[in-house]
Amino acid sequence: MRTEAGRGRGGFLAAALLAAAAAHGARAAEGASGGAEATAGFGADWQSWHAANDVSDMASVQRGARNFVSYCLGCHSLKYERWSRLAQDLGVPPRLLEQDLLPPGDKPAQYILTSMPAADSQAWFGKTPPDLSLMARARGQDYLYQFLRTFYVDPASQTGANNLRLPATAMPHVLSELEGLKRAVYRQAAGSAPAGQVTHQQVFDHFEQIAPGRLSAAEYDGFVRDTVNFLDYVSEPTQTARRALGVWVVLFLLVFTWLAWLVKREYWKDVH
């Protein structure tokens, strides 16, 4: 769900949404197949989808932060991340942070917390939406990517939507206005029971688009990748610096090993 602050974002969010579409123009091949997906069906290989995210892509992480504030903060928190730390790591100026990201009443030094009362979420969804600070580390980037891309219409569900990655999820498809609506098509598959009887069960076959969204298939894919990229960053904000430092540590160890070998050779030259 969107927060009131998310609905009221100014030109920064609107411009960023347009920039996201332009930034993913490189996925032209995917865009070309997007039309075929809407008619011929797609998603049969959803379990092999990979996020392929890169937290060093700062523009992507910035767009992901915008996506989270606009569509996720209404229900989910990032209780281990402060607004000020986010702004510092992502290069967001204080003026834009307060104007376009901070909910009304929040301060930069505060943690990123949803305004939804836990009692209300429990009553509406049957459970409290989880904190997403460590979700990327707990479930993995591919899991989040597949989850956000495998929602489908399910009239039997309380929210009207279901999910292949997390069946019977209590989360509504909050991104349906961007992705559109799709239904899951199943086929009959034969199996065998322990007693030897032949059984038939429904197996997912593919998705069919039944209503378009504001974004094309390629643009929505980019939107999801950016969001997962941001959640990956939040799960370990120092990972980019850690990896960069790791290169120098390995180089130091190599040089130190060489020096140690020279010292060893000097000490043992009279013995050998």
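See above for the structure.
Definitions and cut-offs
- Residues numbered from 1 in each chain as written.
- Predicted model: local features only at pLDDT ≥ 70, side-chain atom pairs only at ≥ 80, totals over all residues.
- Heavy atoms only, no water.
- Helix = DSSP H or I, 4+ residues; strand = E, 2+ residues; numbered from the N terminus.
- Contact = heavy atoms within 4.5 Å.
- Areas by Shrake-Rupley, 256 points an atom, 1.4 Å probe, with all protein chains shown as cover.
- Buried < 20%, exposed > 50% of the residue type's maximum accessible area, 1.4 Å probe, protein only.
- Polar contact = N/O pair within 3.5 Å; in protein donor to acceptor, adjacent residues only side chain to side chain.
- Expected span 1.5 Å × (residues − 1).
- Salt bridge = Lys/Arg side-chain N within 4 Å of Asp/Glu carboxyl O.
- Disulfide = S-S within 2.5 Å.
- Phe/Tyr/Trp six-rings, centres within 6.5 Å; stacked < 30°, edge-to-face > 60°.
- Lys NZ or Arg CZ within 6 Å of the ring centre and 35° of its normal.
- 1 Å grid on protein atoms, 1.4 Å probe; cavity = no way out; pocket = protein on both sides within 12 Å on 5 of 7 lines; lining within 4 Å.
- Points joined across faces, edges and corners; volume = space filled by probe spheres on them.
- Nonpolar A, V, L, I, M, F, W, Y, C, P; charged D, E, K, R; others polar.

Attention shifts here to the overall build of the protein. Looking only at helices and strands, the protein features 12 helices and six strands. For the protein, long-range pairs separated by at least 24 residues make up 73% of all intrachain contacts whose partners lie at least 6 apart in sequence. As presented, the protein carries roughly 15200 Å² of accessible surface, and 59% of it is formed by carbon and sulfur atoms.

This brings us to the environment of Leu 90. Note that Leu 90 resides in helix α5 (residues 83-90). Take Leu 90: its relative accessible area is 2%, and that puts it in the buried class. Between the C-alpha atoms of Leu 90 and Ala 65, which are 25 residues apart in sequence, the distance is 8.9 Å. Discounting residues that sit within four places of it in the chain, Leu 90 has contacts with Met 58, Val 61, Gln 62, Ala 65, Phe 230 and Tyr 233.

Turning our eyes to something else, we now look at the side chain of His 76. Tracing the backbone through its elements, the reader meets His 76 in the loop between α4 (58-71) and β1 (78-82). Within the structure, the side chain of His 76 is placed 2.8 Å from the backbone oxygen of Pro 130, a separation counted as a polar contact. If we skip the residues at most four places from it in the chain, His 76 touches Phe 68, Thr 114, Pro 129, Pro 130, Leu 132 and Met 171.

Another aspect to go through is α4. Given 3.6 residues to a turn, an α-helix orients residues that are three or four positions apart in the same direction. The terminal C-alpha atoms of α4, which comprises 14 residues, lie 20 Å apart, in line with the 20 Å expected from a rise of 1.5 Å per residue. Counted residue by residue, α4 has 11 buried out of 14 residues, so it is predominantly covered. Listed as buried for α4 are Ser 60, Val 61, Arg 63, Gly 64, Ala 65, Arg 66, Asn 67, Phe 68, Val 69, Ser 70 and Tyr 71.

We now examine the pattern of salt bridges. Close approach of charged atoms allows side chains with opposite charge to pair. Tallying each qualifying case throughout the model produces 10 salt bridges. Between Asp 89 and Arg 85 there is a salt bridge, and its shortest N-O distance comes to 2.6 Å. You can see Asp 89 and its partner Arg 85 sitting in helix α5, four residues apart, about one turn around the helix. Overall, the relative accessible area of 22% leaves Asp 89 in the partly exposed class. Residue class for Arg 85 comes out partly exposed when judged on its relative accessible area of 31%. Residue Arg 149 pairs with Asp 221 through a salt bridge whose shortest N-O separation is 3.2 Å. With Arg 149 in helix α9 (residues 141-149) and Asp 221 in helix α11 (residues 217-235), the pair connects residues that are 72 residues apart, well separated along the chain. Its relative accessible area of 11% is what places Arg 149 among the buried residues. What makes Asp 221 buried here is its relative accessible area of 1%. Beyond isolated ion pairs, a larger network of salt bridges with shared partners links Arg 149, Asp 221 and Arg 225.

Looking now at the state of the cysteines. Two cysteines, two sulfur atoms, one covalent bond between them: this is a disulfide. Summed over all chains, the structure comprises zero disulfides. Of all cysteine sulfurs in the structure, the one in Cys 75 sits closest to Cys 72, which takes part in no disulfide; the separation is 8.7 Å. Since its relative accessible area comes to 17%, Cys 72 is described here as buried. Among the residues examined, Cys 75 registers a relative accessible area of 10% and is labelled buried.

Evaluated as defined, the whole model comprises 10 aromatic pairs. Summarising the aromatic geometry, the rings of Tyr 71 and Phe 223 are spaced 5.7 Å apart at their centres and angled 85° between planes, so their arrangement reads as edge-to-face. Here the residue Tyr 71 occupies a position in helix α4, and Phe 223 occupies one in helix α11, the gap between them amounting to 152 residues. An angle of 40° between the planes, with centres 6.0 Å apart, marks the rings of Phe 230 and Tyr 233 as tilted. Here Tyr 233 and Phe 230 lie together in helix α11, a separation of three residues that amounts to about one turn. Overall, the relative accessible area of 6% leaves Tyr 233 in the buried class. In this structure an aromatic cluster arises from ring pairing among Phe 42, Tyr 152, Tyr 186, Phe 204 and Phe 207. The lysine or arginine in question, Lys 182, covers the ring of Phe 207, its NZ or CZ lying 4.9 Å from the ring centre.

Attention shifts here to the layout of surface pockets. Taken as a whole, the largest pocket holds about 610 Å³ of empty space. For the lining of the largest pocket, the elements supplying multiple residues, two or more each, are α4, α8 (135-139), α9 and α11. The biggest single contributor to the lining of the largest pocket is α9, with four residues. Residue composition of the lining of the largest pocket, grouped by class: 22 nonpolar, five polar and two charged.

Without other data, these values stay purely geometric and don't point to any function.
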